[in-house]
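Observations on the model geometry
Here is how the chains run, residue by residue.
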Amino acid sequence: MMRIKNNVRLVAILKTPVVWIGVFAAILYSSWPLGFFLNPNVARSAFASQLEATGQPYNWLFIALDILSGLALLVGGSLQFLKSKNLITRLCVVGYMIFAVLIIVAALVPFNCNSLSASCTNVAHSPLIIIHGSASIISAVFLLASIVLALMQLLYKRVFRWFNTVPMFLIACWCLIGFSALFLDKYRHRADENIVQYAFITICSLSLMLSVVLIEHLSTESSKEDSSQLSS
């Protein structure tokens, strides 16, 4: 009976506009599959960020999609921040909103570097590469923090127990991607690095969707708790 009730609650959450905004933003962020149709040379041999580089075909489209994704997340985050009353839940929202700001920064400062040549090695003379790389890395840290905090809240409140395996699985995927990146950085398998980066972007998109869903659920639970306390 409880599981049926939770399923109904999940369906109701998935129908909320803010969740659809999050899904929309996550899909836009994972625009890399378009590269195989619009710029296959780069998509098959370079980093996904190179699709936005100056002079690349349709670079404006990939930049626009990242910016639109970030703006959508900021809109959805604002709505969830206003709805959330719990400090930790609000920190979760702030986490993915910072992610949104940083992906906009990364899109506005394209990765103008051929990852297959030595031109990427002298980053000291390429501040834009440093800005783009730093924004990309820091944004991932804040997104991961958002989903970890949301999971901790779920475990603490002992709600959504059957669904907790999903964020646990995603966090495990984050760890796997991290270990893969370290391994490939050591042995320099460029083709595999490309695959790992696409997997990482996909994990980020799934994490965005999940973070929005979990925050919406936590906000709803907090509102119910407040109502119960007022009625008592």
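So, here is what we can say about the structure in this document. (Residues numbered from 1 in each chain as written. Predicted model: local features only at pLDDT ≥ 70, side-chain atom pairs only at ≥ 80, totals over all residues. Heavy atoms only, no water.)

**Structural notes on unusual backbone geometry**
Our working definition: Elements are defined by DSSP. Helices are runs of H or I of four residues or more, strands are runs of E of two residues or more, and each kind is numbered from the N terminus.
With phi around 60°, tyrosine 58 is a residue other than glycine that occupies positive phi space. One can find tyrosine 58 in the loop between α4 (40–45) and α5 (59–83).

**Quick notes on the nonpolar core**
Basically, it comes down to this: Residues belong to a common nonpolar core when they are buried Ala, Val, Leu, Ile, Met, Phe, Trp, Tyr or Cys residues joined through side-chain atoms within 4.5 Å. Three exposure classes are used, based on accessible area relative to the maximum for each residue type with a 1.4 Å probe and protein chains only: buried under 20%, partly exposed in between, and exposed over 50%. Whether two residues are in contact is decided by their heavy atoms: any pair within 4.5 Å suffices.
Ranked by internal contacts, the top residues of the largest apolar core, which has 41 residues, are Leu73, Tyr96, Phe99, Leu143 and Leu208. Broken down by element, this core gets its largest block of residues, twelve residues, from helix α9 (residues 190–231). Apart from residues lying up to four places away in sequence, leucine 143 is in contact with Gly95, Tyr96, Phe99, Trp174, Cys204, Ser207 and Leu208.

**A word on the packing of aromatic side chains**
Applied cut-off: Aromatic pairing here means that ring centres of Phe, Tyr or Trp (its six-membered ring) are within 6.5 Å. Orientation follows from the plane angle: under 30 degrees is stacked, over 60 is edge-to-face, and everything else is tilted.
One pass over the full model with this rule turns up five aromatic pairs. Judged by centre distance (6.2 Å) and plane angle (75°), the rings of tryptophan 32 and phenylalanine 36 are edge-to-face. Separated by four residues within a single helix, tryptophan 32 and phenylalanine 36 lie in helix α3 (residues 32–38), roughly one turn from each other. Considering the side-chain rings of tryptophan 32 and tyrosine 198, the 4.5 Å spacing of their centres and the 10° angle between planes classify their relative orientation as stacked. Taken together, the residues tryptophan 32 in helix α3 and tyrosine 198 in helix α9 connect sequence positions 166 residues apart. Among the aromatic residues, ring-to-ring pairing joins Trp32, Phe36 and Tyr198 into one connected group.

**As for helix α7 (residues 127–157)**
As a reminder of what qualifies: What a helix is expected to span follows from its residue count: subtract one and scale by 1.5 Å.
With 31 residues, α7 should cover 45 Å at 1.5 Å per step; its first-to-last C-alpha distance of 45 Å lies within 8% of that length. Within α7 the residues assigned to the buried category are Ile129, His132, Ala135, Ser139, Ala140, Leu143, Ser146, Ile147, Ala150, Leu151, Gln153 and Leu154.

**Describing α5**
Over its 25 residues, α5 runs 37 Å from end to end, which matches the ideal 36 Å to within 8%, given 1.5 Å per residue. Taken together, the buried positions of α5 are occupied by Asn59, Phe62, Ile63, Leu65, Asp66, Ser69, Gly70, Ala72, Leu73, Gly76, Gly77 and Gln80.

**Remarks on the packing of helix α6 (residues 87–108) against α7**
What counts, and what does not: Axis lines are fitted to C-alpha atoms, over the contacting stretch for helices. Their N-to-C directions set the angle, which ranges from 0 to 180 degrees. An angle below 35 degrees is treated as roughly parallel, one above 145 as roughly antiparallel, one from 65 to 115 as roughly perpendicular, and anything else as oblique. Rotating anticlockwise by less than a right angle from the far helix to the near helix defines a left-handed crossing, while the corresponding clockwise rotation defines a right-handed one. Charged residues are taken to be Asp, Glu, Lys and Arg, nonpolar residues to be Ala, Val, Leu, Ile, Met, Phe, Trp, Tyr, Cys and Pro, and polar residues to be all remaining types, Gly included.
Where α6 meets α7, the axes come as close as 8 Å, and the angle between the chain directions of the two elements is 160°. Considering their axes alone, α6 and α7 lie roughly antiparallel with respect to each other. The interaxial crossing formed by α6 with α7 has left-handed handedness. Considering only residue class, the contact of α6 with α7 consists of 18 nonpolar, seven polar and no charged.

**Focus on the packing of α5 against α6**
It is the contact of α5 with α6, at a shortest axis distance of 8 Å, that shows an interaxial angle of 160°. When the interaxial angle is binned, α5 and α6 end up roughly antiparallel. Viewed along their axes, α5 and α6 form a crossing whose handedness is left-handed. Looking at the contact of α5 with α6 residue by residue, the classes come out as 18 nonpolar, six polar and two charged.

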